[in-house]
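# Remarks on the overall topology
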Amino acid sequence: MPSFNATLRVLYSDHHGWLNGWLRSKLGNAADAADLAQDTFVRLLNRNELLELKAPRAFLRTVARGLVIDHWRREELERAYLEALAHLPAQQAPSPESRELVFELLESIARMLDGLKPRVRRAFLLAQCEGLTHKQIAERMEISVRSVERYVADALYHCYLLRYQA
Amino acid sequence: MSQSLVLERRQPSPAVVRQAIEWLMRLNNPTASARVLQRCEQWRAAHPDHECAWQRVLSLNTDLNNRFQALPAGSPAFDALETSAQRLGRRQALKLLSGLLVMGSSAWVARDVLPWQQWSADFATNVGQHSGFALADGTRLRLNTDTAVSQDFTAQQRLIKLGKGEILVTCGADAQSPTPRPLLVSCSHGMFEGLSGRFVVRQEGGHTRLSVTDGRVLIRLPGASSIIAQAGQSYRVTQQHAEIMPELDMDPGAWADGLIVTRNMRLGDFLAEVSRYRHGYLGCTQEIARLRLSGVFRLEDTDKLLAILPQTLPVQLRYRTRWWVTLQRNA
């Protein structure tokens, strides 16, 4: 059986060009595509297990797709965060350092909530960020309090699975 | 130590985890009574899995609270998270679709990419937008969805070049000019001269449609005599000739008021019209394409517009994604 590194090397030389092209078609940007192609292979290095792949491209695509989505999430969050900051009065604007910290925190939360249904996410965020009661959330979303409770419970369950079953 | 080992190995069932979450939410309720606490404790003691799930849910809750409380008060966290998640969802849906449907999708995916006309145009709108501009001579220009226009005014003429899409022109008096300058609109299929009033020029694949809503427009044809189009008339113009059209099944200028107004229009044609205002695919099955509809529909939110259709026609909407919508006969 070939060693881990040899397998990875073959994988790299056979598919790196293809992966780069695939990423470029998704991102529309050669520099980002090259970065993410590199990251994809770095992810594989860190897996530290022998790769016996029947469908190497499908596998690479799965890893790379996750990275593309991370990349987009970061972009969209940055954009939305800056837009939201622009609406704040000047004296409330955070310093650049605290901005960076808050952004990292937001990113970790966004990643955690990834995959939630929009209304579940919204109910959960209204409870956690805005500190609204379930009754207030129900009014704001025009749904029943029972639905709000179910959505918040769904979101907690989602976070539970991420944390304990990954 | 031994307890944490037990916790590590246990894998409470989803149902038990759900129950633990229910208890947490009941206890988080400010009006929770001592009796709820007591019953929660009974539940925890009933099985080691219960206690395990409870401890985990509690620790998760603490972690979540810490994270959210670390966000500065009054920070725009909610807006940032909510807006970005919505956009990310749209982006994933679009890109995923474009990956899956390589052949079939090229026609509309291409519409997402701004073509050269839009980069070089003086005035342009994206899909779903419309906007208006006043030109220096007093002419007013309204651009419908996905439209690109350039302006080329000289001492001899006022030329408006329609690169793509649809415009409504209201002729200006050009009072400042020392000599009279014709108001011309050029498109791929011909040239129109606005004599007075208002008219709509709509460029499509093989032809351009001119509709005069008010006043008169001269259709200039290469190698043939010009035609004067009157108010209420529509002409179908190709590079070779212009022919008058029978009465249209929709009001040609209603979009300028944000409306589609139809008279006995085929559903298939109606959906083709609506899809000009939104991204993605919109269509219907063959069997219902011939259904007719008349009415006034607001363009500002085409999802809402579509949602009205099942109230008047025996059809149902199927959203595969937000960007992939088909109508079929009501089951």
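Conventions we followed
- Residues numbered from 1 in each chain as written.
- Chains lettered and ligands numbered in written order.
- Predicted model: local features only at pLDDT ≥ 70, side-chain atom pairs only at ≥ 80, totals over all residues.
- Helix = DSSP H or I, 4+ residues; strand = E, 2+ residues; numbered from the N terminus.
- Buried ≥ 20, exposed ≤ 12 C-beta atoms within 10 Å, placed from the backbone.
- Contact = placed C-beta atoms within 7 Å.
- Pairing = 2+ DSSP bridges.
- Axes fitted to C-alpha atoms, helices over the stretch in contact; angles between N-to-C directions.
- Core = buried A, V, L, I, M, F, W, Y, C linked by C-beta atoms within 7 Å.
- Nonpolar A, V, L, I, M, F, W, Y, C, P; charged D, E, K, R; others polar.
- pLDDT = per-residue confidence, 0-100.
- Expected span 1.5 Å × (residues − 1).
- Parallel < 35°, antiparallel > 145°, perpendicular 65-115°, else oblique.
- Left-handed = near helix turned anticlockwise from the far one by under 90°.

## Some points on the overall build of chain A
The number of helices and strands found in chain A is 7 helices and 0 strands. Relative to its 166 residues, chain A shows a buried fraction of 25%. Contacts spanning at least 24 positions in sequence make up 58% of the contacts within chain A whose residues lie at least 6 apart.

## Topic: the sheet that holds strand β14 (residues 281–284) of chain B
Residues and elements named next belong to chain B. Strand order in this open sheet of 3 strands is β14-β17-β16, and the pairing throughout is mixed. In this open sheet, the two strands that pair with only one neighbour each are β14 and β16 (315–321). Across the sheet, the axes of successive neighbouring strands diverge by a mean angle of 15°, strand direction being ignored. In this sheet, strand β17 (residues 324–329) lies alongside β14 in parallel orientation, the contact comprising 4 bridges. Counterpart to Leu 282 in the pairing with β17 is Val 325. Set on the sheet, helix α8 (residues 267–275) makes contact with β14 and β17; between it and β14 the angle comes to about 175°. Packed on one face of the sheet, helix α9 (residues 302–312) meets β16 and β17 and runs near 150° to β16.

## Describing the pairing of strand β7 (residues 183–187) of chain B
Residues and elements named next belong to chain B. Of the two faces of β7, only the one carrying Leu 183, Val 185 and Cys 187 is buried; Leu 184 and Ser 186 on the other face are not. Pairing of strand β5 (residues 158–164) with β7 involves 4 bridges; the strand directions are parallel. Of the residues in β7, the one forming a bridge with Arg 158 is Leu 183. Looking at chain direction, β7 and strand β8 (residues 190–203) are connected through 5 bridges and run antiparallel. Looking at the pairing, Leu 183 lines up with Gly 194 of β8.

## Let's talk about the nonpolar core
Of all hydrophobic cores here, the largest spans 39 residues; its most connected members are Leu 106, Ala 123, Phe 124 and Val 152 of chain A together with Leu 81 of chain B. Of all the secondary-structure elements, those providing two or more residues to this core are α3 (56–86), α4 (96–113), α5 (118–128) and α7 (145–164) of chain A together with α2 (14–28), α4 (48–70) and α5 (77–100) of chain B. The dominant element in this core, judged by the number of residues it contributes, is α7 of chain A, at 7 residues. Those residues in contact with Ala 123 of chain A, other than ones at most four positions away along the chain, are Ile 137, Met 141, Val 148, Tyr 151 and Val 152 of chain A. One finds Leu 141, Val 201, Val 237 and Leu 299 of chain B within the second-largest nonpolar core, a separate group that totals 32 residues.

## Some words on the interface of chain B and chain A
At the interface, 32 residues of chain B touch 38 residues of chain A. Counting only elements with at least two residues in the side of chain B that touches chain A, the list comes to α2, α4 and α5 of chain B. Top contributing element to the side of chain B that touches chain A by residue count: α5 of chain B, with 15 residues. Residue composition of the side of chain B that touches chain A, grouped by class: 17 nonpolar, 6 polar and 9 charged.

## Topic: the environment of Ala 231 of chain B
Residues and elements named next belong to chain B. Here Ala 231 lies in the loop between β10 (227–230) and β11 (234–237). Accessibility expressed as a C-beta count within 10 Å gives 15 for Ala 231, which makes it partly exposed. C-alpha of Ala 231 to C-alpha of Arg 198: the two residues are 33 residues apart in sequence and 8.5 Å apart in space. In this structure Ala 231 touches Gly 197, Val 212, Thr 213, Asp 214 and Gly 215, once residues within four positions along its chain are discounted.

## Description of the confidence of the model for chain B
All names here are of chain B. Taken as a whole, chain B shows an average pLDDT of 83; of its residues, 88% reach a score of 70 or greater. For chain B, the element scoring lowest by mean pLDDT is helix α6 (residues 106–109), at 29; strand β6 (residues 166–170) scores highest, at 96. In the predicted structure, residues 1–7 sits below a pLDDT of 50 and forms 2 contacts with residues beyond four places in sequence or in another chain. The low-confidence segment residues 96–119 (pLDDT under 50) makes 17 contacts with residues lying over four places distant or belonging to another chain.

## What to know about α3 of chain A
An ideal rise of 1.5 Å per residue puts 45 Å on 31 residues; α3 of chain A measures up with 45 Å between its terminal C-alpha atoms. Among the residues making up α3 of chain A, those that are buried are Leu 60, Arg 61, Ala 64, Val 68, Arg 73, Glu 76, Leu 77, Ala 80 and Tyr 81 of chain A.

## Remarks on unusual backbone geometry
Note: most peptide bonds trans; most residues except glycine with negative phi. A positive phi angle, close to 55°, is found at Glu 142 of chain A, a residue other than glycine. Of the residues examined, Glu 142 of chain A has 6 C-beta atoms within 10 Å and is grouped as exposed. Even without glycine at this site, Asp 174 of chain B takes up a positive phi of about 55°. By the secondary structure assignment, Asp 174 of chain B is in the loop between β6 and β7.

## Things to note about the packing of α7 of chain A against α2 of chain B
Direction vectors running N to C along α7 of chain A and α2 of chain B enclose 125°, while the axes themselves pass 10 Å from each other. Compared by their axis directions, α7 of chain A and α2 of chain B come out oblique. Relative to α2 of chain B, the crossing made by α7 of chain A is right-handed. Facing α7 of chain A, whose interface residues are Glu 149, Val 152, Ala 153, Leu 156, Tyr 157 and Tyr 160 of chain A, α2 of chain B presents Val 17, Arg 18, Ile 21, Glu 22 and Met 25 of chain B. The residue makeup of the contact of α7 of chain A with α2 of chain B, split by class, is 8 nonpolar, no polar and 3 charged.

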